[in-house]
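# Tertiary structure, described
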Amino acid sequence: MWRIVHQFGSPPWVYRFCDRVIPWLLPITVVALLTGSIWGLLFAPTDYKQGDSYRIIYIHVPAAVVALAGYYVMALAGLVSLVWRVKLADTAMRAAAPIGAAYTAIALITGAIWGKPTWGAWWVWDARITSMLILFFLYVGVIALFEAYENKTVAARACAILSLVGTVNIPIIYKSVDWWYSLHQPASIKFTGSSAIDASMLYPLLGMIISFYALFALLMMLNLKQSLTEEYAQSAWLNKRLTA
Amino acid sequence: MYFDSVADALAMGGHGAFVWGAYGISFVIIFFVLLRPIMSIRTLNADIRQEALRKQSAQVAQENAS
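Residues numbered from 1 in each chain as written. Chains lettered and ligands numbered in written order. Predicted model: local features only at pLDDT ≥ 70, side-chain atom pairs only at ≥ 80, totals over all residues.

Along chain A, the regular secondary structure elements total nine helices and zero strands. Order of helices (α) and strands (β) in chain A, N terminus to C terminus: α-α-α-α-α-α-α-α-α. Against the 2.2 N^0.38 benchmark of 18 Å for 244 residues, chain A shows a C-alpha radius of gyration of 20 Å, consistent with a compact globule. Within chain A, the fraction of its 244 residues that count as buried is 39%. (Helix = DSSP H or I, 4+ residues; strand = E, 2+ residues; numbered from the N terminus. Rg over C-alpha atoms; globule rule 2.2 N^0.38 Å. Buried ≥ 20, exposed ≤ 12 C-beta atoms within 10 Å, placed from the backbone.)

What follows is the structure, given as structure tokens:
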């Protein structure tokens, strides 16, 4: 058990792990994303109420779900970095921030595009949408805060605190559609009880959610590898690996 | 396929611009977040290899001089 924990704190081990997994995960993820999109766009049936504009769901919901899950990854890495001063944990925290920002941006943009034909407006200051916008600012804030400090140890600590404080926003986003009277529709997929969505629409949606998780893992590894290459450019292990 | 023709699929019941636009923008964003670390790793690796070569040739030159 401790050996595994120790390995996750070892930069050469993590670098090697990423290096080995990326060549497999990259093609699998791209194929899964394209297959899921084609399934959702061309093969899933039309919604009787919203017509074909509902097909945006296959991008919008997976992006939003993983944007929230990704925040936990970033905050947890921040916690580990803050409490145990593991340098790799703040590298992981910084690796998650741009991915989360991109996912949140996708959720917001596709939501706006879906909102126009469905609600008649690109944007409304609704609880769900506003809290998602705050999530976007939190992700961008972590990126910007790290750049703002000259001393990178202090920068990492400030980012960790910001991401931990921002965690309070996550349950608010989840519950926003129940707590406030909202234009945004409530969740269609439930872990307990039956989902309010037919299997012919549910399966492509689940497929896309899994694909977006895979893409998150892939981007996480790419960003980690990029940061490690930058940080350990002078190290013997990396030089040996690259010039062998 | 759910649609009868390619034209129907492109039209999306009148919402074609919205649906295809949403997918298009999303894939452009995904493409760029994927490309950024890949290109950066490539540049960094090239720099590290070049630096290693430079050190190696400097060492050889020093040995020849002595």
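Here the focus is the overall build of chain B. Secondary structure assignment for chain B yields two helices and zero strands. Over its C-alpha trace chain B gives a radius of gyration of 26 Å, far above what one expects of a compact globule, namely 11 Å for 66 residues. Buried residues in chain B amount to 15% of all 66 residues.

Attention shifts here to unusual backbone geometry. Phi at Arg85(A) is positive, roughly 50 degrees, even though this residue is not glycine. Its location among the elements puts Arg85(A) in the loop between helix 3 (57-84) and helix 4 (87-119). Even without glycine at this site, Met12(B) takes up a positive phi of about 50 degrees. If you trace the backbone, Met12(B) turns up in the loop between helix 1 (6-11) and helix 2 (16-65). Since 22 C-beta atoms lie within 10 Å of it, Met12(B) is described here as buried.

This part takes up the nonpolar core. Judged by nonpolar contacts, the single largest core of 65 residues is most densely connected at Ala63(A), Met74(A) and Ala96(A). Elements represented by at least two residues in this core include exactly helix 2 (11-43), helix 3, helix 4, helix 5 (127-148), helix 6 (152-166) and helix 8 (199-231) of chain A together with helix 2 of chain B. Residue contributions to this core peak at 17 residues, all from helix 4 of chain A. (Core = buried A, V, L, I, M, F, W, Y, C linked by C-beta atoms within 7 Å.)

Quick look at the interface of chain B and chain A now. Taken together, the contacts link 27 residues of chain B with 37 residues of chain A. Counting residues per element, the side of chain B that touches chain A draws most heavily on helix 2 of chain B, at 20 residues. When grouped by side-chain class, the residues that make up the side of chain B that touches chain A number 20 nonpolar, six polar and one charged. (Contact = placed C-beta atoms within 7 Å. Nonpolar A, V, L, I, M, F, W, Y, C, P; charged D, E, K, R; others polar.)

Moving on to helix 3 of chain A. A rise of 1.5 Å per residue sets the reference length of helix 3 of chain A, with its 28 residues, at 40 Å; its end C-alpha atoms lie 40 Å apart and thus fit the reference within 8%. In the stretch just after helix 3 of chain A, Arg85(A) is the one whose phi turns positive, near 50 degrees. (Expected span 1.5 Å × (residues − 1).)

All right, on to helix 4 of chain A then. Here helix 4 of chain A contains 33 residues, and its C-alpha end-to-end distance of 47 Å stays within 8% of the 48 Å for a straight helix at 1.5 Å per residue. A large share of helix 4 of chain A lies buried, amounting to 26 of its 33 residues.

Residues and elements named next belong to chain A. Examined against the element boundaries, Leu 133 turns out to sit in helix 5. According to the C-beta neighbour criterion, Leu 133 is partly exposed, with 14 such atoms within 10 Å. Separated by 28 residues in the primary sequence, Leu 133 and Ala 105 place their C-alpha atoms 8.5 Å from one another.

Here we take up the packing of helix 8 of chain A against helix 2 of chain B. Close contact between helix 8 of chain A and helix 2 of chain B brings their axes to 9 Å; oriented N to C, the two are set at 25 degrees. For the element pair helix 8 of chain A / helix 2 of chain B, the angle class is roughly parallel. Here helix 8 of chain A and helix 2 of chain B pass one another in a crossing that is left-handed. Between helix 8 of chain A and helix 2 of chain B, the residues in contact are Leu215(A), Leu219(A), Leu222(A), Asn223(A), Lys225(A), Gln226(A), Thr229(A) and Glu230(A) and Ile30(B), Val33(B), Leu34(B), Pro37(B), Ile38(B), Ser40(B), Ile41(B), Leu44(B) and Asn45(B), respectively. (Axes fitted to C-alpha atoms, helices over the stretch in contact; angles between N-to-C directions. Parallel < 35°, antiparallel > 145°, perpendicular 65-115°, else oblique. Left-handed = near helix turned anticlockwise from the far one by under 90°.)

As a further point, take the confidence of the model for chain B. When the pLDDT values of chain B are averaged, the result is 90; 100% of them are 70 or greater. If you check the scores for this complex, the pTM reads 0.92 and the ipTM reads 0.90. (pLDDT = per-residue confidence, 0-100.)

Further remarks concern the environment of Pro98(A). Positionally, Pro98(A) belongs in helix 4. Overall, the presence of 18 C-beta atoms within 10 Å leaves Pro98(A) in the partly exposed class. For Pro98(A) and Gln226(A), which are 128 residues apart along the polypeptide, the C-alpha to C-alpha distance reads 13 Å. Excluding its chain neighbours within four sequence positions, the residues that come into contact with Pro98(A) are Ile143(A), Asn223(A) and Val33(B).

Once that is clear, we can look at the environment of Ala155(A). All names here are of chain A. The residue Ala 155 is located in helix 6 in this model. Residue classification places Ala 155 among the partly exposed positions, given that 17 C-beta atoms sit within 10 Å. Measuring from C-alpha to C-alpha, the distance between Ala 155 and Lys 49 comes to 49 Å, with 106 residues separating the pair along the chain. If we skip the residues at most four places from it in the chain, Ala 155 touches Leu 145, Phe 146 and Tyr 149.

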